[in-house]
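# Coordinate inspection notes
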Amino acid sequence: MFINDQDAFDRWLKSFNPSFYVGIDVEFIRKDTFFPIVCLFQISSIEETVVIDPLTVDIKPLLEKINTTDILKLFFSGRQDMEAIFYQYDILLSPIFDLQIACDFLRYRDSASLSEVILDVCHIEIDKEHQSLDWRKRPLQETAIQYAYNDAHYLIPIYKNFKKKLKEKHRYNWVLEESAVIFSQITDLGLDYFKKNFFHPKNRYLDLKRELVLWREHYARFKNIPRRRVYKDMVIHNMTPDTMFWDCHIPRDMFLHMTGKDVIQFQRMAKRIFKIAKQNDIPKRYMNYPFEIAKLVKSPLEKNVFLEGWRNVILKDELTTVITS
């Protein structure tokens with residue numbers, strides 16, 4: 001079903017009563033702006049799949065209706081979809097289950113696409129010719145609507161298939177936990193990327209770079225331009241006080257003053273964590289939090305991503321040995 005009329009949408013919404021879970025996909029444009037423009041919203045339930053045109057229909061009542069703890073929202077690689085919804089409608093959908101994360105915990109294939117998963121699970125080949133379409137253009141071709149329909153229609157059968165496999169491996173709750181991390185990534189003003197990609201014990205001026213990341217975020221939002229138009233990541237990575245365009249005071253921070261012994265301990269701990277991840281068939285990127293590894297070295301009793309949740313399940317014994325040695 002395709003809905004691009006407000007009256008038709010209102011009538012449909014009254015009869016829409018999803019139970020347990022819904023599949024969601026969003027087509028949006030974000031090429032030249034910071035804030036995404038939501039162009040299509042697709043939702044599937046056990047009974048139906050609907051493609052809705054948010055350029056002609058106000059979908060916020062639908063988002064509010066499904067945003068209850070009783071309904072699990074299924075996405076495939078949902079961070080950008082959730083960002084688009086959050087920035088345009090000021091709604092963070094919860095709880096969510098990201099099927100691409102489930103692929104990772106099932107060791108499906110690195111960066112498996114939705115079309116590949118649909119083919120493997122549902123034995124249906126999907127035409128991806130509209131993958132790079134400008135979704136703002138109207139009218140939409142029937143083939144484009146069908147493409148958008150497919151992106152939501154198969155999420156529930158994939159979820160059912162994955163849920164059984166994850167339960168057998170005792171990793172279903174791991175996916176729920178890791179999916180919930182997306183909430184903080186959306187609202188952290190870009191610092192999640194900074195922590196994962198810029199921090200290293202040998203790196204310098206981290207407080208300066210953190211300050212610049214936050215400034216870039218606010219400026220990009222104010223101007224509604226992509227972050228890369230303000231400063232590319234590598235420019236920030238190479239920044240020093242001499243090249244900054246404002247006077248900055250860099251306070252003492254324990255991560256800026258790691259000794260040679262600390263660096264050796266950091267490298268040893270990182271190597272051990274990555275080895276344990278491999279032994280447990282967990283992709284390395286789920287353990288690649290150098291900022292948190294450094295905290296284990298400098299302040300092992302401080303709150304840390306490795307000391308809670310599913311990571312602690314597989315690292316607890318080893319980290320206890322390393323920290324107390």
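None of the values given here were measured: they were computed from a predicted structure.

Scoring rules and cut-offs
- Residues numbered from 1 in each chain as written.
- Predicted model: local features only at pLDDT ≥ 70, side-chain atom pairs only at ≥ 80, totals over all residues.
- Heavy atoms only, no water.
- Pairing = 2+ DSSP bridges.
- Helix = DSSP H or I, 4+ residues; strand = E, 2+ residues; numbered from the N terminus.
- Contact = heavy atoms within 4.5 Å.
- Axes fitted to C-alpha atoms, helices over the stretch in contact; angles between N-to-C directions.
- pLDDT = per-residue confidence, 0-100.
- Phe/Tyr/Trp six-rings, centres within 6.5 Å; stacked < 30°, edge-to-face > 60°.
- Buried < 20%, exposed > 50% of the residue type's maximum accessible area, 1.4 Å probe, protein only.
- Lys NZ or Arg CZ within 6 Å of the ring centre and 35° of its normal.
- Salt bridge = Lys/Arg side-chain N within 4 Å of Asp/Glu carboxyl O.

Right, let's talk about the sheet that holds strand S4 (residues 49-52) for a bit. What the six strands build is an open sheet, ordered S1-S4-S3-S2-S5-S6; its pairing is mixed. The outermost strands of the open sheet, each flanked by one partner alone, are strand S1 (2-3) and strand S6 (96-98). In terms of strand pairing, strand S2 (residues 21-29) meets strand S5 (residues 72-75) through three bridges, oriented parallel. Residue pairing across strands places Gly23 opposite Leu74, the latter belonging to S5. Here helix H7 (residues 155-168) sits on the sheet in contact with S2, strand S3 (37-44), S5 and S6, set at roughly 120 degrees to S2.

Turning next to the confidence of the model for the protein. Of all residues in the protein, 89% attain a pLDDT of 70 or more, and the chain-wide mean is 87. In the predicted structure, residues 248-254 sits below a pLDDT of 50 and forms 14 contacts with residues beyond four places in sequence or in another chain.

What the rule picks out here adds up to 19 aromatic pairs. Ring plane angle 45 degrees and centroid distance 6.3 Å describe the contact between Phe20 and Tyr21, whose orientation is recorded as tilted. Given a relative accessible area of 58%, Phe20 falls into the exposed group. By relative accessible area, which is 14% here, Tyr21 ends up buried. Aromatic ring contacts, followed pair by pair, group Phe20, Tyr21, Phe97, Tyr159 and Tyr172 into a single cluster. Lying across the ring of Phe34, Arg30 places its NZ or CZ 5.2 Å from the centre. Over the aromatic face of Phe274 sits the side chain of Lys284, whose NZ or CZ is 4.5 Å from the ring centroid.

Summed over the entire model, instances satisfying the criterion amount to 14 salt bridges. The residue Asp134 makes a salt bridge to Arg136 at a minimum N-O spacing of 3.1 Å. A relative accessible area of 42% means that Arg136 is categorised as partly exposed. The salt bridge partner of Glu292 is Lys295, with a shortest N-O separation of 3.5 Å. Residue Glu292 and its partner Lys295 are located together in helix H14 (residues 290-298), separated by three residues, close to a single helical turn. For Lys295, a relative accessible area of 9% translates into the label buried. Where salt bridges share partners, they join Arg30, Arg79 and Glu83 into one cluster.

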